[in-house]
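Report on the structure
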Amino acid sequence: MNHDQARFGDDERYESLLSEKDSTEIDIGTDADSPLPDELTRDSVELPSLSEPEVTRHYTRLSQMNWSVETGPYPLGSCTMKYNPTFAEDVAADPNGAVHPDRSEESLQGTLEVLHHLQDYLARIGGMDAVTLQPPAGAAGEFTGILVAKAYHESRDDDRSEVIVPASAHGTNFASAAMAGYDVVELPSGDDGRVDLEALEAAVSDDTAALMLTNPNTVGLFERDIEEIAGIVHDAGGLLYYDGANLNALLGRARPGDMGFDVMHYNVHKTFATPHGGGGPGAGPVGVTDDLAQFLPRPRVREREGAYELYDPERTIGKVHGYQGNWLVLVKAYAYIARLGDAGLEDASAKAVLNANYLAEQLECEIPYEPFHHEFAATAGSRDAADVAKYMLDHGVHPPTTKWPEFVPEAMLTEPTEAETLDSLDDLANAFNAAFAADREALDAAPSKTTARRIDQADAARNPQLSWQALEPDEE
């Protein structure tokens, strides 16, 4: 919701702006037989009679009711809604890219070359030896990475049953490990918000298959003892898994492979500005060290005698998605990396960290854990974080992630990304501070200017209305 839309919320005429003014009733006849029950048929239909400007303006107004990264900052900590540059969309829309993947390898050389170069880009950025592009989203990348780790242990006749996940990890780590058949061992954070080495030493055992770690972690803290952490896990025979959720903070400055990680996934929407996957239509490539490369999904792309070809790794876990993954999303990631280059990627991470720290410095609230990198977890204190977020909506901004991570009371996890200007960061800060300063009555009433007003979330969860049709009071 922008400021104009907030104004519409106070305007009694707003509802009439969205109504269809004219309609025409069409007689569709009564003699035709239909196999449908009578209650599902009708004799006439009422169609809107609207001019083109009316239709265009109607749908434009509807689109403006939704917040988007094109209309303003989307500072959801950990979820990372980055601006998607239009040039990458133009590259993906090039008709030359509309090549069916079932064509012969000889006629797919351009496609395979792009995929091969992207594999190489990602491997060098992450410090990995081999990359698969198949997984269709970040969570799918996590699952794939853990399946690769599982295949590695099984190949050594090493029966391991546990995956350790810190409380500061990205939220889907727990589910990915469980889906792969592992028992999840949650590792509490230390007083400084990082991995507690003594707790880790007590948690690892001969059953440890892997430690899944996000670095920087969910409150933006870099794990300063990362080499010691890697040593503890490796000495126990486990693997170190890197969740790429926060790689945006490290681009051009540090590489997971150099820290001792064995396998990682890349969230290309968080780091390389592709559209958010929404669980499937995205991309979550996985990188591994040499020891794990033979277990990657099939097929992969390689260069051989001046040409590109598909091949199956020796002990592949099989396919995790069709063809080479979501091709056009991967093209956008490739275009973004190629356009920025080494210096541009390094600059992006610098600005991501700078923007987060600048924004935090303007806030009149407590931030329990620092120094942080690209994101921070403020606390709403005695206020309900969800109420603070609703109040921020009335100031024409999108609020941050609330109530998570759980070890920060009334958390407001915030990540502005590198794309935001000084003005937009100041607008965010003003909205934060206004919400923190608001009294209980104002918080309870918010939002008051948005198209959809405050709802009873508990009642909505217990008694959902799932019909697209308006319900009569006695039907609710």
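On the secondary structure map, Asn433 appears in helix α14 (residues 422-437). Judged by relative accessible area, which is 12%, Asn433 ranks as buried. At 3.0 Å, the side chain of Asn433 forms a polar contact with the backbone oxygen of Gln362. Apart from the residues lying within four places of it in its own chain, the contact partners of Asn433 are Gln362, Leu363 and Glu364.

Next up on the list: the packing of helix α5 (residues 109-126) against helix α12 (residues 327-362). Two elements in contact, α5 and α12, have axes whose closest approach is 10 Å; the angle formed by their N-to-C orientations is 50°. The pairing of α5 with α12 is recorded here as oblique in orientation. In the packing of α5 onto α12, the handedness of the crossing is left-handed. Facing Thr111, Val114, Leu115, His117, Leu118, Tyr121, Leu122 and Ile125 of α5, the residues of α12 in contact are Trp327, Leu330, Ala333, Tyr334, Ile337, Ala338 and Leu345.

Residues Ala411 and Leu413 point to one face of strand β14 (residues 411-414) and Met412 and Thr414 to the other, with burial holding for every one of them. Where strand β12 (residues 376-379) lies against β14, 4 bridges are found, and the strand directions are antiparallel. Bridge assignment links Thr379 to a residue of β14, and that residue is Ala411. Pairing of strand β13 (residues 401-402) with β14, which is carried by 2 bridges, proceeds in the antiparallel orientation. Residue pairing across strands places Thr401 opposite Leu413, the latter belonging to β14.

To continue, consider α14. An ideal rise of 1.5 Å per residue puts 22 Å on 16 residues; α14 measures up with 22 Å between its terminal C-alpha atoms. For α14, the full list of buried residues reads Ser424, Leu425, Leu428, Ala429, Ala431, Phe432, Asn433, Ala435 and Phe436. Contacts from the buried residues of α14 go to α12, β12, α13 (385-393), β14 and α15 (440-445).

To continue, consider α13. Taking burial as the measure, the 9 residues of α13 include 8 buried ones, the bulk of the element. Within the sequence span of α13, burial applies to Ala385, Ala386, Asp387, Val388, Ala389, Lys390, Tyr391 and Met392. Taken together, the buried residues of α13 touch β13, β14, α14, α15 and α16 (457-462). Its side-chain oxygen at 2.8 Å from the backbone nitrogen of Ala386, Asp384 defines the N-terminal cap of α13.

We now examine the sheet that holds β12. Sheet architecture is open: 3 strands sit in the order β12-β14-β13, paired in antiparallel fashion. Across the chains shown, the open sheet's two edge strands, defined by having one partner strand only, are β12 and β13. Contacts between α13 and the sheet are confined to β13 and β14, with β14 contributing the most and set at about 50° to the helix.

Now for the pairing of strand β4 (residues 162-166). Of all the 5 residues making up β4, 5 are buried; the element is thus mostly covered by neighbouring parts of the structure. Here β4 shows a buried face lined by Glu162, Ile164 and Pro166 and a second buried face lined by Val163 and Val165. For the segment spanning β4, helix α7 (residues 173-179) and strand β5 (residues 183-187), crossover handedness is right-handed. Here 3 bridges tie β4 to strand β6 (residues 208-214), and the two strands are oriented parallel to one another. Residue pairing for β6: Ile164 is matched across the bridge by Leu211.

Here we take up the nonpolar core. One finds Leu122, Leu200, Leu240, Leu247, Phe261, Tyr266 and Phe272 to be the most contacted residues of the largest nonpolar core, which totals 47 residues. Among the elements of the structure, α5, α8 (197-203), β6, α9 (226-235), β7 (239-244), β8 (263-266) and α12 are those that each provide at least two residues to this core. Per-element accounting of this core gives the leading share, 8 residues, to α12. With residues near it in sequence (within four places) discarded, Leu240 still touches Leu211, Ile226, Ile229, Ala230, Val233, His234, Gly260, Phe261, Asp262 and Val263. Counting 32 residues, the second-largest nonpolar core is a separate cluster that includes Leu363, Phe376, Leu413 and Ala429.

Turning to unusual backbone geometry, a few remarks are in order. Following Asn215, the chain continues to Pro216 via a peptide bond in cis, the omega torsion being 0°. Tracing the sequence through the fold places Pro216 in the loop between β6 and α9. Note that the residue after Arg298, namely Pro299, is joined by a cis bond; omega there is -10°. Within the secondary structure, Pro299 is located in the loop between β9 (286-288) and β10 (300-304). With phi around 60°, Ala273 is a residue other than glycine that occupies positive phi space.

Attention now moves to the packing of aromatic side chains. Counting across every chain of the model gives 6 aromatic pairs. With a centroid separation of 5.4 Å and an interplanar angle of 20°, the aromatic rings of Tyr121 and Tyr334 are classed as stacked. In this pair, Tyr121 sits in helix α5 while Tyr334 sits in helix α12, placing the two residues 213 residues apart along the sequence. With centroids separated by 5.7 Å and ring planes inclined at 70°, the aromatic side chains of Tyr369 and Phe407 adopt a geometry described as edge-to-face. One end of the pair, Tyr369, is in the loop between α12 and β12; the other, Phe407, is in the loop between β13 and β14, and 38 residues separate them in sequence. Here Tyr369 falls in the buried class, since its relative accessible area comes to 17%. By relative accessible area, which is 24% here, Phe407 ends up partly exposed. When the ring centre of Tyr182 is taken as origin, the NZ or CZ atom of Lys150, which lies over that ring, is 5.5 Å away. For Arg302, the ring lying beneath its charged end belongs to Tyr311, and the centroid distance is 4.2 Å.

With that out of the way, let us pick up the packing of α12 against α14. The contact between α12 and α14 brings their axes to 9 Å, and the two run at 35°. Crossing of α12 against α14: the hand is right-handed. Contacts between α12 and α14 involve Asn355, Tyr358, Leu359 and Gln362 on the former and, on the latter, Leu422, Leu425, Asp426, Leu428, Ala429 and Asn433. When its residues are assigned to classes, the contact of α12 with α14 shows 6 nonpolar, 3 polar and 1 charged.

Thresholds, definitions, all that
- Residues numbered from 1 in each chain as written.
- Predicted model: local features only at pLDDT ≥ 70, side-chain atom pairs only at ≥ 80, totals over all residues.
- Heavy atoms only, no water.
- Helix = DSSP H or I, 4+ residues; strand = E, 2+ residues; numbered from the N terminus.
- Buried < 20%, exposed > 50% of the residue type's maximum accessible area, 1.4 Å probe, protein only.
- Polar contact = N/O pair within 3.5 Å; in protein donor to acceptor, adjacent residues only side chain to side chain.
- Contact = heavy atoms within 4.5 Å.
- Axes fitted to C-alpha atoms, helices over the stretch in contact; angles between N-to-C directions.
- Parallel < 35°, antiparallel > 145°, perpendicular 65-115°, else oblique.
- Left-handed = near helix turned anticlockwise from the far one by under 90°.
- Pairing = 2+ DSSP bridges.
- Expected span 1.5 Å × (residues − 1).
- Right-handed = clockwise from strand over helix to strand, strands pointing away.
- Core = buried A, V, L, I, M, F, W, Y, C linked by side-chain atoms within 4.5 Å.
- Phe/Tyr/Trp six-rings, centres within 6.5 Å; stacked < 30°, edge-to-face > 60°.
- Lys NZ or Arg CZ within 6 Å of the ring centre and 35° of its normal.
- Nonpolar A, V, L, I, M, F, W, Y, C, P; charged D, E, K, R; others polar.

In short, the description is geometric, and any link to function would need to be established separately.
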